Amino acid sequence: MLKKKESEAPAFTANGLPIDRSIKIVKSKAAKREEVKRNLVAYSFIAPNFIGFAIFTLVPIVFAFALAFLNWNGNTEMTWAGLDNFKYIFTNEMFLASLKNTFVYTIGTVPLTLVVALFLAIVLNQKIRGRNFFRTVSFFPYVGSLVAITAVWNMLFNPSMGPINEILIRLGVEDPPRWIADNDWAMFTIVLFSVWKYMGYYMVIYLAGLQGINTELYEAASIDGVNTWQKFWYVTLPQLRNTTFFILIMLTIQCFKVYDIVYMLAGAGSGALSQATTVLVYEIYNSAFRYWRLGVASAEALVLFAIVLVVTIVQFKLDKE
Amino acid sequence: MKKALALLLVALISLSAVFAGGSSESADDGKTTLTWAIWDYATTPYYDALIDAYEASHPDVNVEVIDLGSADYQTALQIQLSGGGSEFDVVAVKDIPGYNNLVKAGLLADLTPLAERDGIDTSLYGGIVEQVTVDGKFYELPFRSDFWVLFYNKDLFDAAGVPYPTNDMTFEEYDALARQMTSGSGASKVYGAHYHTWRSAIQLFGILDGKHQITDGGDYSYLKPYYEMALAQQADGIVQDYATLKTSNIHYSGVFYNESVAMMNMGSWYIATLIAANNDGTSDAENWGIVKYPHAEGVEPGTTLGTITALAIPSGTDQSEEAWDFVKFVCGEEGAKALAGTGNFPALTNDDINNIIAATPGFPTDEASKEALNVAQLYLEMPLHDKSAEIEVVLNEFHDQIMTGNMSVDEGLAEMGRRVDEVLAN
Amino acid sequence: MMIESSGQKVLKVLLYVFLIIMAAIMLLPFLWMLSASLKQDRDVFTFPIQWIPAEPEWGNYSRIWTQIPLLTYILNTVKLTIIVTLLQLFTSSFAAYAFAKLRFKGRNALFLGYIATIAVPWQAYMVPQFMMLRGMGLNNTHLAIIILQAFSAFGVFMMKQFYEGIPTELCEAARIDGMTEYGIYAKIMLPLAKPSLSTLTIFTFVNTWNDFLGPYIYLTRDNLKTIQLGLRSFIGQYSSEYGLIMAGSVVTMIPVIAVFLALQKYFVEGVASSGLKG
């Protein structure tokens, strides 16, 4: 097939935007028709996903955003609220605490997960014995049912009787942390859990990304006599840019939307999160489904959306540079 | 290989389609079908008992249950009812905050005129109906009512040579008894008492004198003696550490079955569970009894906490008359008997009902246990309040903060008051 | 990439030590799960942890089939998972091609819009969405879950990122040879995207398989329910059957692990073996 010849083209030129072949020459009628046709072809590719997405996701989302300016309990008539919902949430200390905690969680989780996942992927991309076993095992925490794995985790980290603290005491730690039961350690424990649970997931994406690297680049690098570290720094990392960018964005969004793991870990027992552990989506859940103030929930979601949008746009801009 | 895989997939899809389509619609044989939303169908014997009793006397009605699960029952229910579209004719209501939300959203039918028309005597429900009345109207009728008692393990008391707890104990006596009953260490440790992680288990000792409403906000210092008692017991190893219980999902039934606690305050629902567990060998605590809740000085013994399970009719149903007939039955005399027959406590109480329960095989035979079933005064775990859902979240939060030691009792109660006030002000 | 040279033997030993420790950390919870699945409920959460139950309670593995209609639930889940995964693979890989390799009006805005919606938590629009789908008569149908899961922005984003790593010159050459865009998608991009397609398959599979909230809201009838709903039904109001939850979790994890094992070889063979050198 015709793939052979093009394989020599260095892949890294393909990063970022594709090269535009229709550089504006003269906008003749034929060119315009050509452009319309090109647009139509592109739209036809997007349509199957977009139509389903627009009807079943976008429409309700737009509706929910409108709700941010209304009072509604899911049944009786909506009333106009203006900015009241926003005023309410920005004076609500639990919401403000949840904002802070969500940021702390995200800042703690994103870099750690990214680095660990990349490291694992590179190690498990080597030709080593038992590679399949190790890969499968790292994917386990992502697959396991949440009820089961949070239960285990809490047992292992049990402050007075858990094996982790038993080991710490044996190692000479006099006053081991009380982990999830301690306000100062709770968020850290949750970050630890997240990294453990999700590193295998992102490792899989990195593994797929590593397959896309042209091996000839490494061969060329070897001829130039560079060492392993330089290969990683000058070949692997730049080649993984698209993957890293994708993971960075998805991971950030996922962190901002964290909810169920926090609730299952820290809310166990009492069914409520404290100021030390509450996160945005927990507040949204409470507003929507415990208090049935759907307008407030929407306002909170809109704030979350705005934050993630800004962060994403910044990431996109940085990626373009 | 690929083809085989594809064929297998196709086969599986069609097979599951057959499964899914197979049992969906019941035959239209002229019967009325009532759809009833509930939780925990598989593990709760009384649903079938109630339905069987109703269908036996109403051969033209078919009752179909929809199990929405217990964990997020109220959420799932309200979503299903939202917008007034209801496929349910009767719904069970699990808690007061959930009831309050449904009423506020106008999703439940007003039962007051129906009850008046049919001459339902609401006083038979021991004041519960009054406690769920909003602006002179009530939207649910209780069919099950549970109250808290003190369970104890007779064998452990006998082994320690300590007299059993009684139906008239003050908190001081209870505390002393718990300390007396604590012994051993490691795997053979016996704890004198046990508090489950729910806030009700400790916090609500404080409301039994009838002087305070938990939803009032402001000064919660009246809860202080009870938190201090529990924390001291925890520090002295009389009860298991809250943080441990919370993070390890240790369930109260397990510790009681294993004979590692001597006394445990718990709801009357546990009676039926315990009897069943003793019958199938899950439990080692075969010799047990119950007594009335401990009480503060000057409060009548038998004053306790209660929680109710009720039935309501969604305003969106087009079979409200048929639904009302079912509600009347389940919450009435006949329903109460069917319920008591399974060892559970109907909301409609009288001596007959207590006799039925005390006669259940496996129920303790001593007089004190039977006497413990007589409730003098019942306070709802969560009284009806316009903001009960919000308040409940705050109460849970600070219960947790105090019991884990993240906040001192004074600090925690002060914060609790401040935050409840904030909820009330909004 | 290879850590093979003789001077690095020590490094290799260290690597294995690290991998084994890591594997232990990953596996420990699952060993606990396995052990808990063979215990009575009251023994599940006892300290010190008893890793090998004294009297294994094999009955848990038979009770999960009788206490709930688990077979029906599994078949429902299999059906949903397969349909959703196929739809997701097709629509995502198709749409991503346009975003990665075609120029058209509104491309960047549309794409950003796609991604931004991922950030909106489902809890915020669940009620309007439910009312809409119920209005269409989709409450208590599998179609509702398929619709919710099959058109995700996640898949589009992921596929786009991988496509962008494929040299645009490949497409250019094909265009010059007179191939249509659809042809390029089918004959050039898809074969090259095997690693990412298998990744997407795994993720979609796991997500749909483990999805709880969607089925919880839309599937209330027993004959429609999925595995995760079945597992949660062991958590009762006053007591939970942890032995059964763990047994159920173990059983339902097996298919996912199988899919992972079956597909993971594509992470290793990717472009290098099946594409450019073909």
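Residues numbered from 1 in each chain as written. Chains lettered and ligands numbered in written order. Predicted model: local features only at pLDDT ≥ 70, side-chain atom pairs only at ≥ 80, totals over all residues.

Draft legend 1. Structural view of the overall build of chain A. For chain A, the helix and strand inventory stands at 14 helices and 2 strands. Relative to the globule expectation of 20 Å for 321 residues, the C-alpha radius of gyration of chain A, 25 Å, shows a markedly less compact shape. Principal-axis analysis of the C-alpha atoms places the extent of chain A at approximately 65 × 60 × 30 Å. Evaluated residue by residue, chain A yields a buried proportion of 46% over its 321 residues. A sequence separation of at least 24 residues applies to 70% of the contacts in chain A between residues at least 6 apart. (Helix = DSSP H or I, 4+ residues; strand = E, 2+ residues; numbered from the N terminus. Rg over C-alpha atoms; globule rule 2.2 N^0.38 Å. Buried ≥ 20, exposed ≤ 12 C-beta atoms within 10 Å, placed from the backbone. Contact = placed C-beta atoms within 7 Å.)

Draft legend 2. Focus on the overall build of chain B. Each helix and strand counted, chain B has 19 helices and 10 strands in total. For a compact globule of 426 residues, the expected C-alpha radius of gyration is about 22 Å, and chain B comes in at 24 Å, within 12% of that figure. Expressed along its principal axes, the backbone C-alpha trace of chain B runs to roughly 65 × 65 × 45 Å. Each of the 426 residues in chain B was classed as buried or not, and the buried ones make up 51%. When contacts within chain B are restricted to residue pairs at least 6 apart in sequence, those whose partners lie at least 24 apart make up 77%.

Draft legend 3. Structural view of the interface of chain B and chain C. Between chain B and chain C, the residue contacts involve 36 residues of the former and 31 residues of the latter. Per-element tally for the side of chain B that touches chain C: the top contributor is helix α1 (residues 2–22) of chain B, with 9 residues.

Draft legend 4. Structural context of the pairing of strand β2 (residues 61–67) of chain B. All names here are of chain B. In the sheet, strand β1 (residues 32–38) pairs with β2 via 7 bridges, with the strands oriented parallel. Bridging across to β2, Trp 36 finds its partner in Val 65. Each parallel crossover has a hand, and for β1 linked through helix α2 (residues 46–57) to β2 it is right-handed. (Pairing = 2+ DSSP bridges. Right-handed = clockwise from strand over helix to strand, strands pointing away.)

Draft legend 5. Highlighting the nonpolar core. If you look at the biggest cluster of nonpolar residues, it comprises 305 residues, and the most contacted ones within it are A:Tyr202, A:Tyr206, B:Val90, B:Phe151, B:Met263, B:Leu311 and B:Val327. Tallying contributions element by element places helix α8 (residues 183–211) of chain A first for this core, with 17 residues. (Core = buried A, V, L, I, M, F, W, Y, C linked by C-beta atoms within 7 Å.)

Draft legend 6. Looking closely at the environment of A:Ala220. In this fold, A:Ala220 is placed in helix α9 (residues 215–223). Along the chain, A:Ala220 and A:Arg170 lie 50 residues apart, while their C-alpha atoms are 51 Å from each other.

Draft legend 7. Up close: unusual backbone geometry. Even without a glycine there, the phi angle at B:Asp40 is positive, about 55°. Locating B:Asp40 in the fold gives a position in the loop between β1 and α2. What makes B:Asp40 partly exposed here is the crowd of 19 C-beta atoms within 10 Å. Phi at C:Asn140 is positive, roughly 60°, even though this residue is not glycine. The topology assignment puts C:Asn140 in the loop between α6 (122–135) and α7 (142–150). On the neighbour-count criterion, C:Asn140 (18 C-beta atoms within 10 Å) is partly exposed.

Draft legend 8. Structural context of the packing of helix α5 (residues 131–143) of chain A against helix α1 (residues 9–36) of chain C. Taken N-terminus to C-terminus, the directions of α5(A) and α1(C) make an angle of 45°; their axes are 9 Å apart at the nearest point. Between α5(A) and α1(C), the angle is such that the two are oblique. Here α5(A) and α1(C) pass one another in a crossing that is left-handed. Contacts from A:Phe134, A:Val137, A:Ser138, A:Phe140 and A:Pro141 of α5(A) reach α1(C) at C:Leu19, C:Ala23, C:Met26, C:Leu27 and C:Phe30. Its residues assigned to classes, the contact of α5(A) with α1(C) comprises 9 nonpolar, 1 polar and no charged. (Axes fitted to C-alpha atoms, helices over the stretch in contact; angles between N-to-C directions. Parallel < 35°, antiparallel > 145°, perpendicular 65-115°, else oblique. Left-handed = near helix turned anticlockwise from the far one by under 90°. Nonpolar A, V, L, I, M, F, W, Y, C, P; charged D, E, K, R; others polar.)

Draft legend 9. Local environment of the domain arrangement of chain B. All names here are of chain B. Split into domains, chain B comes out as domain 1 (31–146 + 306–358) and domain 2 (147–305 + 376–425). On a C-alpha basis, the centroid separation for the pair domain 1 and domain 2 is 28 Å. Taken together, the contacts link 17 residues of domain 1 with 20 residues of domain 2. Every element with two or more residues in the side of domain 1 that touches domain 2 is listed here: α4 (96–104), β6 (140–153) and β9 (303–312). Counted by class, the side of domain 1 that touches domain 2 contains 5 nonpolar, 10 polar and 2 charged residues. (Domains from an automatic or database assignment.)

Draft legend 10. Broad picture of the interface of chain A and chain C. The interface of chain A with chain C comprises 88 residues on the first partner and 86 residues on the second. Of the residues forming the side of chain A that touches chain C, the biggest block, 20 residues, is contributed by helix α2 (residues 29–67) of chain A. For the side of chain A that touches chain C, the residue count by class is 58 nonpolar, 21 polar and 9 charged.

Draft legend 11. Representation of the confidence of the model for chain B in the model. Residues and elements named next belong to chain B. For chain B, the average pLDDT comes to 88, and 93% of its residues sit at 70 or higher. For residues 1–27, every residue scores under 50 in pLDDT, and the model assigns this stretch 23 contacts once sequence neighbours within four places are set aside. Both scores are available for the predicted complex, with the pTM at 0.88 and the ipTM at 0.87. (pLDDT = per-residue confidence, 0-100.)

Draft legend 12. Spotlight on the packing of α5(A) against α8(A). All names here are of chain A. Their axes nearest at 7 Å, the elements α5 and α8 cross at an angle of 120°. By the angle between their directions, the pair α5 and α8 is classed as oblique. The element α5 and its partner α8 pack so that their crossing is left-handed. Contacts between α5 and α8 pair Ser 138, Phe 139, Phe 140, Pro 141 and Tyr 142 from the former with Trp 196, Lys 197, Tyr 198, Met 199, Gly 200, Tyr 201, Met 203 and Val 204 from the latter. Tallied by class, the residues present in the contact of α5 with α8 amount to 10 nonpolar, 2 polar and 1 charged.

Draft legend 13. Geometry of the environment of A:Ser194. Residues and elements named next belong to chain A. Its location among the elements puts Ser 194 in helix α8. The class of Ser 194 is buried, set by 25 C-beta atoms lying within 10 Å. Residues Ser 194 and Tyr 142, 52 residues apart in the sequence, show an inter-C-alpha distance of 9.7 Å. When residues no more than four places from it in sequence are discounted, the contact partners of Ser 194 are Thr 109 and Ile 261.

Draft legend 14. View of α2(A). Residue and element names in this part refer to chain A. With 39 residues, α2 should cover 57 Å at 1.5 Å per step; its first-to-last C-alpha distance of 46 Å lies more than 12% under that length. At Ala 47, α2 shows its maximal bend, which comes to roughly 55°, and the proline Pro 48 appears one to four places after that position. Buried within α2 we find Ala 42, Phe 45, Ile 46, Asn 49, Phe 50, Phe 53, Phe 56, Thr 57, Pro 60, Ile 61, Ala 64 and Leu 67. (Expected span 1.5 Å × (residues − 1). Bend = angle between axes of the 7 residues up to and from the residue.)

Draft legend 15. Region of the structure containing the pairing of strand β3 (residues 90–93) of chain B. Residues and elements named next belong to chain B. Burial of β3 is two-sided: the residues Val 90 and Ala 92 facing one way and the residues Val 91 and Val 93 facing the other way are all buried. Pairing of β1 with β3 involves 2 bridges; the strand directions are parallel. Residue pairing in the sheet places Ala 37 in a bridge with Val 91 of β3. As paired strands, β3 and β9 are joined by 3 bridges and run antiparallel to one another.

Draft legend 16. Inspection of the confidence of the model for chain A at higher detail. All names here are of chain A. Looking at chain A as a whole, the pLDDT averages 85, with 91% of positions reaching at least 70. Within chain A, the lowest mean pLDDT, 36, falls on helix α1 (residues 3–6), and the highest, 95, falls on helix α4 (residues 93–123). Confidence drops under a pLDDT of 50 for residues 1–24, and excluding neighbours within four residues, the segment shows 33 contacts in the predicted structure.

Draft legend 17. How the structure looks around the environment of B:Tyr174. On the secondary structure map, B:Tyr174 appears in helix α8 (residues 171–181). Given 22 C-beta atoms within 10 Å, B:Tyr174 falls into the buried group.

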